[in-house]
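Here's the letter readout for the chains.
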Amino acid sequence: MAKKDFYDILGVPRDASDDDIKKAYRKLAHQHHPDKAGGEEAKFKEVNEAYQVLSHKEKRKQYDAYGHAFEGGGAPPGGGAGFGGFQWDFGGGNGEGFSDIFGDFFGFGGGRGARRKTNQGEDIQASLTIELEDSAFGREKEISLKRVVACERCHGSGAEPKSETISCTHCSGTGEVRKQFRTPFGTMAQNSICTECHGRGKVPKHKCTACNGQGIKHATDTFTVKIPQGIDSGEAFGVAGKGNAAPFGGTVGNLYVAVSIAKHPVFTRHGDDLHMKASVSISQAVFGDKVEVQTLHGAINLKVPGGIQSGTVIRVEGKGMPKRAGYGKGDLLVTVNIHTPTKLTRRQKELLEELKKENL
Ligand SMILES: [Zn+2]
Ligand SMILES: [Zn+2]
C-alpha cells in the first residue's frame, strides 16, 4: 500500500520553511488530537509521523531524496539488500519531539531550549478505569505503574557522592558520536548522543554503586492523579514529570493516561449529556405529578406532565456531565416509563375492572 506523501499530509509545499511546517503541524495536531471533539487518532498519528521526519533537518533531507524508503521496517526499494532493518532513531537531542509540542498542548509548559543537551526521558502511557463520578467531580485517583525513576543514592547524576568528573573517552568529551549506516544508496551518517556520558561529555570518576552510574532505576511508582473534569472514555490526559527519568539527571518524560469509564448502574453517557430512566404509575402518568429523581448532582423533583406517554424523554438542563472545554454542564435526559402493576390489591383490581368497562 502506497503511503501518503508527508508534505501532503501536513498540507505544505515541498519548499516549506521549518516554521511553516511547525505551524501546519500544530494546527493539524490540535485538530485531530484524539482528546478533542472530532479528533481522529489515525489522522493524528499520520500527522505526527510526517512531522517527526519533516521537522528534522537530516531526516527531511533523506526523505526528500528517497521518500518512504527510509521509514523503519519499510520494504527495501527495488529489492535492495540489507536495507529492511533500518530504523529511524526518533530519540536523541536534535529537533523537536513529540513532548516539546505536546508540552504546550497538555499544559506542561516550555523547556524546549533546556532539552537540547540533556537526555530526555521517554513519555509513557498508562490506562486507567474510573467511575463516572470520578470524571464528573474531577476526583483524585491513585495510580500505580512501573517506570524509570531517579536513583536515590546519586539523585540521578550517576556519580558516587563526592566523586569528581572526568572527560568522556568514548566521545572525546563532545557528547556526541557519529554513527554510519550502509545503505544501497551509499553510506549515511547520523549524529547521536554518546551512550557513555549521555551527551554530557563528562563522566564521573567513580560511578554510583547503587545504579552503576546510570542515575536511574526501575521502580513501581504509586501516586495520585487528578482526573480532569468531564473526561470521557477514550480520552487521555497528561501528567507532567511522571514519565521515565533519563540517565544522568536528564529531563523526566511525561505520562499520558488513557481513560475508560466503567459502566454506571443508573446513567449512560452521550457526550456531555446523561441518560437515565424513571418510572411513574398509571395514575401519575394520567394526572401528572412531581417525581423525585436522583441525579448525579443530587435529588430533584422531576415535573411529569399529565397525559405523558411511556418512553417520553424529559430534558433537565444542567444536570449532566461538566463540559470539558469551557464552563457549564450537559443535560440529563430522563426517559419516563409507565409502570404496569403486576400485583394488585382486591380494591385496585375492582377499580381497574371498572376502568375496563370504560375502555381505559
Ligand atoms: Zn545512583
Ligand atoms: Zn561521551
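Above this note sits the structure.
This structure is a prediction, so every number in the text was calculated from the model and none was measured. (Residues numbered from 1 in each chain as written. Chains lettered and ligands numbered in written order. Predicted model: local features only at pLDDT ≥ 70, side-chain atom pairs only at ≥ 80, totals over all residues. Heavy atoms only, no water.)

(A) Spatial organisation of the coordination of the zinc ion (ligand 1). Surrounding the zinc ion (ligand 1) are the protein donor atoms Cys 151 (SG), Cys 154 (SG), Cys 208 (SG) and Cys 211 (SG), which sit 2.3 Å from the metal. Classification of the site at the zinc ion (ligand 1) rests on its four donor atoms, whose angles at the metal span 103 to 115°, yielding the label tetrahedral. Read in sequence order, the donor residues for the zinc ion (ligand 1) give the motif C-x2-C-x53-C-x2-C. Judged by its relative accessible area of 4%, Cys 151 is buried. Since its relative accessible area comes to 6%, Cys 154 is described here as buried. (Donors = N, O, S within 2.8 Å, 3.2 Å for Na, K, Ca; no water. Tetrahedral: all angles 85-135°; square planar, octahedral: opposite > 155°, others 65-115°. Buried < 20%, exposed > 50% of the residue type's maximum accessible area, 1.4 Å probe, protein only.)

(B) Main features of the pattern of salt bridges. In this structure the tally under the stated criterion is 14 salt bridges. The residue Arg 60 makes a salt bridge to Asp 18 at a minimum N-O spacing of 3.5 Å. On the criterion of sequence distance, the pair formed by Arg 60 in helix α4 (residues 57–66) and Asp 18 in helix α2 (residues 18–32) is long-range, its members being 42 residues apart. Accessibility expressed as a relative area gives 11% for Arg 60, which makes it buried. Of the charged contacts in the structure, one is a salt bridge between Glu 160 and Arg 153, with a shortest N-O distance of 2.5 Å. Under the relative-accessibility criterion, Glu 160 is labelled buried at 17%. (Salt bridge = Lys/Arg side-chain N within 4 Å of Asp/Glu carboxyl O. Helix = DSSP H or I, 4+ residues; strand = E, 2+ residues; numbered from the N terminus.)

(C) Broad picture of the sheet that holds strand β9 (residues 255–261). Taking strand neighbours across the sheet as the criterion, the three strands line up as β1-β9-β8 in an open arrangement whose pairing is mixed. Both edges of this open sheet fall to β1 (124–130) and β8 (236–239), since each of them pairs with a single strand only. In this sheet, adjacent strand axes meet at a mean angle of 30° when their direction is disregarded. The pairing of β8 with β9 spans four bridges and is antiparallel. The residue of β9 that forms the bridge with Ala 236 is Ala 258. (Pairing = 2+ DSSP bridges. Axes fitted to C-alpha atoms, helices over the stretch in contact; angles between N-to-C directions.)

(D) Quick look at the side chain of Asp 134. When you line up the elements, Asp 134 lands in helix α6 (residues 132–137). There is a polar contact of 3.5 Å between the side chain of Asp 134 and the side chain of Lys 141. (Polar contact = N/O pair within 3.5 Å; in protein donor to acceptor, adjacent residues only side chain to side chain.)

(E) Quick peek at the packing of α2 against helix α3 (residues 41–54). Where α2 contacts α3, the axes come no closer than 9 Å and their chain directions differ by 160°. In terms of their interaxial angle, α2 and α3 are classed as roughly antiparallel. For the pair α2 and α3, the crossing hand works out as left-handed. Note on element contacts: α3 touches α2 through Glu 41, Lys 43, Phe 44, Val 47, Asn 48, Tyr 51 and Leu 54, opposite Ile 21, Lys 22, Tyr 25, Leu 28, Ala 29 and His 32. Grouping the amino acids of the contact of α2 with α3 by side-chain chemistry returns eight nonpolar, two polar and three charged. (Parallel < 35°, antiparallel > 145°, perpendicular 65-115°, else oblique. Left-handed = near helix turned anticlockwise from the far one by under 90°. Contact = heavy atoms within 4.5 Å. Nonpolar A, V, L, I, M, F, W, Y, C, P; charged D, E, K, R; others polar.)

(F) The arrangement of the sheet that holds strand β11 (residues 273–280) in detail. With respect to topology, four strands assemble into an open sheet ordered β10-β11-β15-β14, the strand pairing being mixed. On the outer flanks of this sheet lie β10 (268–270) and β14 (312–316), each paired with one strand and no other. Within the sheet, the average angular offset between the axes of one strand and its neighbour, ignoring direction, is 35°. One ladder, built from seven bridges, connects β11 with strand β15 (residues 332–338); its direction is parallel. Pairing of Leu 274 across the sheet is with Leu 332, part of β15.

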